[in-house]
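# Structural overview for review
Residues per chain are reported as follows:
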Amino acid sequence: MWLSLWGLYMIETLAGIIFYKEEKKVGIDELSPSLQLNNGNGTEMKQISHGHGHSHSHKLTNKSMDDKSPISTLALLVLFGDSLHNIIDGMSIGAAFSENVTTGISISVAIACEEFPHEIGDFAILIQSGMSFRRALSFNFLSACTAFIGLVIGICLGNMEYSGFVFSFAGGLFLFITLTHLVSQ
């Protein structure tokens, strides 16, 4: 558990050093450039800041909300992180069911209770990053399906008597998330 906690801390620290960029102060108009507004008659409007002190609302064409538009960096990061998280959840469930059915059910219920608000939050972030409802739902579903990959890995490791390592790694992962992202800095 401590090895996974320390390893994840080192990865984040090294990534912070390698990808360090000087912070730039952001004006209030730049905080949410993809804010969608509805003007009441069904047409969507987009708030556009021109960088000279004011902003305008422009009608969005169907082309800008098209499902073939590129995915934003934020959405890719959310999908990548969620996929890794779901693989770890699947590994925990697989290892738990390899131990016994009661442990498997209790771990599954605990993970389901944790995943419900987590997936809603990820879906909201995908929508806010500019994805259409259908596209965000599809990508969120594909990300959730990676839990089956983890399930197979967890069952294989559990059958080889490595289930304790899976639980330790998952525990270290959750401790790392708690210590680095939920505790104020």
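These numbers come from a predicted model, not from an experiment.

## A look at the overall build of the chain
- Summing up its helical and strand segments, the chain has five helices and three strands in all.
- Ordering the α and β elements of the chain from the N terminus gives α-β-β-β-α-α-α-α.
- Here the contacts in the chain between residues at least 6 apart in sequence split such that 61% fall between residues at least 24 apart.
- Surface summary for the chain: the accessible area is close to 12800 Å², and the carbon and sulfur share equals 69%.

## Side note on the UniProt feature "transmembrane region" (unreviewed entry) in the chain
- The sites that carry the UniProt feature "transmembrane region" (unreviewed entry) are, in the present numbering, residues 139–160 and 166–184.
- Each end of residues 139–160 is marked by a C-alpha atom, and these two atoms are 33 Å apart; helix forms 95% of the span and strand 0%.

## Quick look at the packing of aromatic side chains
- Under the counting rule described, the total for this entry stands at one aromatic pair.
- Ring centres 5.3 Å apart and planes at 90° place the aromatic pair Phe-123 and Phe-133 in the edge-to-face group. Taken together, the residues Phe-123 in helix H3 (residues 101–128) and Phe-133 in helix H4 (residues 133–159) connect sequence positions 10 residues apart.
- The exposure class of Phe-123 is buried, given its relative accessible area of 18%.

## Some remarks on a nonpolar patch on the surface
- A contiguous nonpolar patch, built from Met-1, Trp-2, Leu-175 and Leu-179 and spanning about 440 Å² of accessible area, is present on the exposed surface.
- Within the secondary structure layout, Met-1 lies in the segment before helix H1 (2–18).

## Observations regarding the packing of helix H2 (residues 73–99) against H4
- Their axes nearest at 6 Å, the elements H2 and H4 cross at an angle of 35°. Crossing of H2 against H4: the hand is right-handed.

## Some points on the environment of Ser-106
- Inspection of the secondary structure assignment puts Ser-106 in helix H3.
- Put simply, Ser-106 and Ile-93 are 13 residues apart on the chain and 9.2 Å apart in space, counted from C-alpha to C-alpha.

## A short note on the confidence of the model for the chain
- Confidence in the prediction of the chain, expressed as mean pLDDT, is 76, and 70% of residues score 70 or more.
- In the model of the chain, strand E1 (residues 36–38) stands out as the element of lowest mean pLDDT, 46, in contrast to H4, which has the highest, 92.
- Scored below 50 in pLDDT, residues 30–45 shows 28 contacts in the model against residues more than four places distant or in partner chains.
- Low confidence marks residues 58–65, where pLDDT is under 50. Its contacts with residues over four positions away, or in another chain, come to 14 contacts.

## Brief notes about the nonpolar core
- The biggest cluster of nonpolar side chains holds nine residues, and these are Leu-5, Leu-8, Ile-88, Met-91, Ala-95, Val-166, Ala-170, Leu-173 and Phe-176.
- Looking at this core, the elements with two or more residues in it are H1, H2 and helix H5 (163–182).
- With residues up to four places along the chain from it excluded, the contact list for Leu-5 reads Gly-172, Leu-175, Phe-176 and Leu-179.
- Of all hydrophobic cores here, the second largest spans seven residues; its members include Val-78, Leu-79, Phe-123 and Met-131.

## Description of H1
- Between its terminal C-alpha atoms H1 stretches 24 Å, which fits the 24 Å expected from 17 residues at 1.5 Å a residue.
- Every buried residue of H1 is accounted for by Ser-4, Leu-5 and Leu-8. Along the axis of H1, the buried residues cluster in a sector spanning 105°; they form a single face. Looking at H1, the residues exposed on the side facing more than 90 degrees away from the buried face are Trp-2, Leu-3, Trp-6, Ile-17 and Ile-18.

## Here we look at the side chain of Asp-122
- You can see Asp-122 is positioned in helix H3.
- Buried Asp-122, no salt bridge; nearest opposite-charge side chain is Arg-135, N-O distance 16 Å.
- The residues touching Asp-122, leaving out its near neighbours within four places in the chain, are Val-78, Asp-82 and Asn-140.

## Comments concerning the packing of H3 against H4
- Two elements in contact, H3 and H4, have axes whose closest approach is 9 Å; the angle formed by their N-to-C orientations is 140°. With respect to each other, H3 and H4 are oriented oblique. Crossing geometry of H3 relative to H4 is assigned as right-handed. In this structure, H3 contributes Glu-119, Asp-122, Phe-123, Leu-126 and Ile-127 to the contact, and H4 contributes Phe-133, Ala-136, Leu-137 and Asn-140.

What counts, and at which threshold
- Here the residue numbering is sequential within each chain, running from 1 through the sequence in written order.
- In keeping with the predicted nature of the model, local features appear solely for residues at pLDDT of at least 70, side-chain atom pairs appear and are counted solely at 80 or more, and the whole-chain, interface and lining totals rest on all residues.
- To get the side-chain values, all heavy atoms of the structure are used, and hydrogens and water are removed first.
- Here a strand is any run of E in DSSP of at least two residues, a helix any run of H or I of at least four, and the numbering for each starts at the N terminus.
- Whether two residues touch is decided by their heavy atoms; if any such pair falls within 4.5 Å, the residues are in contact.
- Exposure was quantified through the Shrake-Rupley algorithm and a 1.4 Å probe, taking into account, for residues, occlusion by the shown protein chains and nothing else.
- UniProt positions are given in the numbering used here, feature names are shortened, and annotations may be inferred rather than shown by experiment.
- Aromatic rings from Phe, Tyr and Trp, with only the six-membered ring used for Trp, were paired whenever their centres fell within 6.5 Å, and each pair was classed as stacked if the ring planes differed by under 30 degrees, edge-to-face if by over 60, and tilted otherwise.
- Categorising residues by exposure relies on relative accessible area from a 1.4 Å probe, with only protein chains included: less than 20% of the type maximum marks a residue as buried, more than 50% marks it as exposed, and the intermediate range marks it as partly exposed.
- Exposure above 30% relative accessible area and no salt bridge define the residues that can form patches, which grow by joining like charges within 9 Å and nonpolar side chains of Val, Leu, Ile, Met, Phe, Trp and Tyr within 5 Å.
- Here, a salt bridge means any side-chain nitrogen of Lys or Arg that lies within 4 Å of a carboxyl oxygen of Asp or Glu.
- Fitting a line to C-alpha atoms yields each axis, with helices limited to the stretch in contact; the angle taken between N-to-C directions then spans 0 to 180 degrees.
- Note: crossing handedness is left-handed where the near helix turns anticlockwise from the far helix by less than a right angle, and right-handed where it turns clockwise.
- Known as pLDDT, the predictor's confidence for each residue is given on a scale from 0 to 100.
- Take the buried Ala, Val, Leu, Ile, Met, Phe, Trp, Tyr and Cys residues and link them wherever side-chain atoms come within 4.5 Å; each set so joined is a nonpolar core.
- In this analysis, the expected span of each helix is defined as 1.5 Å times one less than the number of residues it contains.
- Throughout, the arc means the angular range of directions from the helix axis out to the C-beta atoms.
- Only four residue types enter the charge count, namely Lys and Arg as positive and Asp and Glu as negative; His and the chain termini do not.
- Should an angle fall under 35 degrees it is taken as roughly parallel, and over 145 as roughly antiparallel, whereas 65 to 115 is taken as roughly perpendicular and any remaining angle as oblique.

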